[in-house]
2 protein chains.
Amino acid sequence: MIYADANGSLPLLPEVKDYLATRIPAPLYANPNAIHSLGTKIKMGMEKSRKIAADVLGANFNQVIWTSGASESLSTVFHHLLLPKKNKNVIYCSPIEHAAVLAAMDYYRATWDYDVRFMPVDLDGMIDFAWLSSQNHDNTAMIVCMAANNETGVIQPWQQIRDLAKKCVTPFVCDTTQIIGRLPFHFEESGLDWAMASGHKLGALPGTGFLLARDPGALKPIIFGGGQENGLRGGTQNYLGVETLAVAMQTFAKKLATLEQHNIWRQELESALPKEAVIIGKKYPRLPCTTLVGLPGVHGQGVQIELESQDIFVTTSSACSDNEPATSKVLRAMKVDDVLGRSVVRLSLALTATHSDYQNLTQALLTAYQKLTRIKAY
Amino acid sequence: MIYADANGSLPLLPEVKDYLATRIPAPLYANPNAIHSLGTKIKMGMEKSRKIAADVLGANFNQVIWTSGASESLSTVFHHLLLPKKNKNVIYCSPIEHAAVLAAMDYYRATWDYDVRFMPVDLDGMIDFAWLSSQNHDNTAMIVCMAANNETGVIQPWQQIRDLAKKCVTPFVCDTTQIIGRLPFHFEESGLDWAMASGHKLGALPGTGFLLARDPGALKPIIFGGGQENGLRGGTQNYLGVETLAVAMQTFAKKLATLEQHNIWRQELESALPKEAVIIGKKYPRLPCTTLVGLPGVHGQGVQIELESQDIFVTTSSACSDNEPATSKVLRAMKVDDVLGRSVVRLSLALTATHSDYQNLTQALLTAYQKLTRIKAY
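Everything numeric in this text was worked out from a predicted model, so none of it was measured. Per chain, the residues get numbers from 1 upward, laid out in the order the sequence is written. Whichever chain is written first is A, and whichever ligand is written first is 1; the rest continue in order. Local features in a predicted model are, by the rule used here, given only for residues with pLDDT of at least 70; side-chain atom pairs are given and counted only at 80 or more, and totals for whole chains, interfaces and linings are based on all residues. Hydrogens and waters are ignored; side-chain quantities use all the structure's heavy atoms.

Trainee: Go over the overall build of chain A with me, naming the residues and quoting the values.
Mentor: Secondary structure elements follow DSSP: runs of H or I no shorter than four residues count as helices, runs of E no shorter than two count as strands, and numbering proceeds from the N terminus. From N to C terminus, chain A includes 14 helices and 12 strands. Seen through its principal axes, chain A has C-alpha atoms that stretch 65 × 55 × 35 Å. Taking all 378 residues of chain A together, the buried fraction comes to 64%. Taking all contacts inside chain A whose residues are at least 6 apart in sequence as the whole, residues at least 24 apart take part in 72%. Only four residue types enter the charge count, namely Lys and Arg as positive and Asp and Glu as negative; His and the chain termini do not. By convention, charge coordinates are those of NZ in Lys, CZ in Arg, CG in Asp, or CD in Glu. Each charge sign in chain A was given a centre, from 35 positive and 35 negative side chains, and these centres are 2 Å apart. For the exposure calls, accessible area comes from a 1.4 Å probe over protein chains only, and a residue counts as buried if that area is under 20% of its type's maximum, exposed if over 50%, partly exposed in between. Throughout, a contact is declared for two residues whenever any of their heavy atoms are within 4.5 Å.

Trainee: Can you explain the interface of chain A and chain B? Please cite residues and give values.
Mentor: Between chain A and chain B, the contact holds 63 residues from the first and 63 residues from the second. Each of two parts loses accessible area, computed with a 1.4 Å probe, when they are put together; buried area is these two losses added. Taken together, both faces of the contact between chain A and chain B bury some 5,100 Å²; the carbon and sulfur share is 68%. By the criterion applied in these results, polar contacts are pairs of N or O atoms within 3.5 Å in which, for protein atoms, one can donate a hydrogen and the other can accept it, and in which residues neighboring in sequence qualify only through two side-chain atoms. Counting the contacts that link chain A with chain B gives 22 residue pairs in polar contact (both at pLDDT 80 or more). Looking at the side of chain A that touches chain B, the elements that each hand over two or more residues are α1 (14-23), α2 (37-57), α3 (70-82), α4 (99-112), α8 (239-255), α10 (300-308) and α11 (319-322) of chain A. Counting residues per element, the side of chain A that touches chain B draws most heavily on α4(A), which supplies 7 residues. A breakdown of the residues in the side of chain A that touches chain B according to their chemical character gives 32 nonpolar, 25 polar and 6 charged. Amino acids are sorted into nonpolar (Ala, Val, Leu, Ile, Met, Phe, Trp, Tyr, Cys and Pro), charged (Asp, Glu, Lys and Arg) and polar (every other residue, Gly among them).

Trainee: Account for the packing of aromatic side chains, naming residues and giving values.
Mentor: Residues and elements named next belong to chain A. Pairing of aromatic rings covers Phe, Tyr and Trp, the last counted by its six-membered ring, and requires centre-to-centre distances within 6.5 Å; plane angles under 30 degrees mean stacked, over 60 mean edge-to-face, and any other angle means tilted. Applying the stated criterion to the full structure yields 13 aromatic pairs over all chains. With centroids separated by 6.5 Å and ring planes inclined at 55°, the aromatic side chains of Y29 and Y239 adopt a geometry described as tilted. Remark: Y239 occurs in helix α8 and Y29 occurs in the loop between α1 and α2; sequence separation between them is 210 residues. Residue classification places Y29 among the buried residues on the basis of a relative accessible area of 2%. The exposure class of Y239 is buried, given its relative accessible area of 2%.

Trainee: Can you lay out α1(A) for me, pointing to particular residues and giving the numbers?
Mentor: Residue and element names in this part refer to chain A. Residues of α1 that are buried: V16, L20 and R23. Mapping the buried residues of α1 onto a view down its axis gives an arc of 65°, with all of them on the same face. Turned more than 90 degrees away from the buried face of α1 sit D18, A21 and T22, all of them exposed. Looking at the packing, one finds that the buried side of α1 touches α8. Arc definition: directions from the helix axis to the C-beta atoms.

Trainee: Account for the sheet that holds strand β4 (residues 115-118) of chain A, naming residues and giving values.
Mentor: Across a sheet, paired strands are connected by hydrogen bonds in the backbone, their directions being either parallel or antiparallel. Residues and elements named next belong to chain A. Sheet architecture is open: 4 strands sit in the order β4-β3-β5-β6, paired in parallel fashion. The open sheet has two free edges, formed respectively by β4 and β6 (172-175), since each of these has just one partner strand. Shown here is a sheet whose adjacent strand axes are inclined to one another by a mean of 20°, direction ignored. Here strand β3 (residues 90-93) pairs with β4 via 4 bridges, running parallel. At least two bridges found by DSSP between two strands are what make those strands a pair. Throughout, an axis means a line fitted to C-alpha atoms (over the contacting stretch in the case of helices), and angles, computed between N-to-C directions, take values from 0 to 180 degrees.

Trainee: An account of the sheet that holds strand β12 (residues 344-348) of chain B is needed here, citing residue identities and associated values.
Mentor: Residue and element names in this part refer to chain B. Spatially, β9-β10-β12 is the arrangement adopted by the 3 strands of the open sheet, whose pairing is antiparallel. In this open sheet, the two edge strands, each paired with only one partner strand, are β9 (278-279) and β12. As defined by bridge partners, β9 adjoins strand β10 (residues 290-294) across 2 bridges and the pair is classed as antiparallel. Within β10, the position partnered with V278 by the bridge is G294.

Trainee: Tell me what's going on with the packing of α10(A) against helix α14 (residues 355-374) of chain A, and back it up with residues and numbers.
Mentor: All names here are of chain A. Closest axis-to-axis distance for the α10/α14 pair is 10 Å, and the angle between their directions is 125°. Considering the angle they form, α10 stands oblique to α14. Taken as a pair, α10 and α14 cross one another with a handedness that is right-handed. Contacts between α10 and α14 involve G302, V303, E306 and L307 on the former and, on the latter, A364, L365, A368, K371 and L372. Across the contact of α10 with α14, the residue classes tally to 6 nonpolar, 1 polar and 2 charged. Each angle is binned into one of four classes, with values under 35 degrees roughly parallel, values over 145 roughly antiparallel, values of 65 to 115 roughly perpendicular, and all other values oblique. Less than a right angle of anticlockwise turn of the near helix away from the far helix marks a crossing as left-handed, whereas a clockwise turn marks it as right-handed.

Trainee: Describe the confidence of the model for chain A, and please don't skip the residues or the numbers.
Mentor: Values of pLDDT, ranging from 0 to 100, describe the predictor's confidence in every residue of the model. Chain-level statistics for chain A give a pLDDT mean of 95 and a share of 97% at 70 or above. Listed scores for the predicted complex are pTM 0.97 and ipTM 0.96.

Trainee: Give me the lowdown on the pairing of strand β5 (residues 140-146) of chain B, citing residues and values where you can.
Mentor: Residue and element names in this part refer to chain B. Most of β5 sits out of view: 7 of its 7 residues are buried. The pairing of strand β3 (residues 90-93) with β5 spans 4 bridges and is classified as parallel. Across the sheet, residue I91 finds its bridge partner in β5, namely M142. Looking at chain direction, β5 and strand β6 (residues 172-175) are connected through 4 bridges and run parallel. Looking across to β6, one finds that M146 is bridged to D175. A clockwise path from the first strand over the helix to the second, with the strands pointing away from the viewer, defines a right-handed crossover. For the crossover that starts at β5, traverses helix α6 (residues 158-168) and ends in the parallel β6, the hand is right-handed.

Trainee: Quick one: what's the story with the relation of the copies chain A and chain B, residue by residue and with numbers?
Mentor: Mapping chain A onto chain B calls for a rotation angle of 180° and an axial translation of 0.0 Å; the resulting RMSD is 0.0 Å. Each copy turns onto its partner about a two-fold axis. The share of interface residues of chain A whose copies in chain B are also at the interface is 100%, consistent with both copies meeting through the same surface. Copy-to-copy alignment: least squares on C-alpha atoms, limited to residues at pLDDT 70 or above in both.

What follows is the structure, encoded as structure tokens:
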């Protein structure tokens, strides 16, 4: 099996499976907030995990807030920044954000009358920073832009937006979900006020994640509870999930050195594709393990099915859009035409992938393309 | 080991551990929203789990929304009912609610200027329904009351409140977290608009739970995402946790017949306690496996530590209050005095507990009490 849908979700890492093989049978289950020794031991494990995650992420221990995932983390920050509504009314948002952001923007527009303005984005998936910086930000309540796009892998100018936002004294929410675990990331050095990630994209248990907050004391929770996470996120913590997040973060830290190798393998794959193939966002820096390739003349879902018959799993866009046989929202925002848009497949490999995985994927893709063009499946 | 903190959190059920022993090594991990066959298989497992939970809970399939736990479920319902604020301004709330409710009420009072009024509650932990029904509800935005209290186990008059609320056309949120998995519960027959529970209180993986919604289509989410859970709860689902919830619900359904036995064992335990012991809420119907016992003259935390030395785990209140050596908020709301309040221990056994667990717990409690009164530890 070659699993090339890492941007959608990562299978549990072998290290996480090994951890769970001994952890689950152990008689160490209780409420981490109870003061009996079982609870205390679990809490200590959770706090040790917090220290591990904080160290890998370049954050302070108290800046790590455990959540159920990046969507919850993002919704928490939006709620914190936008409600109750104050005097500023405009939100600048990139149109290629993850659905967790776009759906939230719909809500704040429709229910709270925020004026949500979308930044232009070019055909290769890069947002137009010059346009954003040319706007008057006196009335800007928030700017939102992801660090890297989940479909194209294109790295966005988030450092420039951060500096612009600082200059304009405007909150900036950078969705870091796609770069954490895929690129080096250091919260302190990032200068961001918030960062977030999902455990299921890191090879930890699903239903886990975190929010990093530069100034955690000021955060208003959206899930209320009995003082867990310093009062910032209610609900008994998913301590088992948290422990696997620590294992995943440690594993990622060890694999960081292989990123450059993955970059090279991805470039090899891209060079070996047929000359008709269009690598979306090719001219920009992209995530090491992500290629969005258009194969005009064939249907992306055809390629997906063809590869699946060889036990290779890819998608045509993000999971949220994958079940629509149409150009994805991200590509539509980029004004990619339907012929190209419906022909794309997203290849996103895990850091556990080997050189031969890349080579086999390349070969399978070439074979599928030849077959599909020959039978004029589209 | 005797684990008598089931109301705080339940260890993974043996059935759940068995399930995970074969599930975790299986190569079945992916985004359940992806359309490749891995994603589809996982989605099918999640939907099968939804059907199992719905059947056990007497709900329709589409009324089950997976969340990260009861705190999230409650926060979702409050957000849905209270924001944006409409013309009604009063919330009636019991003062013995779980911290997930009380902290939310603080927020809606302080931030949104709701007038939160607390119902009186008697010394045995029963809310005053006559008082609630005597109020004018023309301006009532919401009534909140738990089905059973987590510390005393006292079952509250939630059916009467439900009928009152229906008569007054006022939304009623009944926190069912403590009765689901501890008493028979049938959502359709309950007549409630909402119900919720946490997986970690049912022996499933932590970080799981659900919200039951009578009219799910109308619900506004608080966590936004890519259309997961019919657009009602964003974020890639904790599918592994969901599968264990189904195992736990099935196990509970099988154990329902043993509830009466547990009730008898608990009564045996209560009868065997020293004559000075005060069973809080004794005169009211209570949860089958919960006893809150005051042992005036000794300190509850002393009993807790003494029992722990015999590998028996109890708490002095809910986990959220357990680390304060003071009378819990719930008991203070009941106007229990400090001498009694600081002497209590909560015994809450799982449905996996045996008769000899009850007998051994009784004996250990008697021994601890004798020892502590003899050395005048308090």
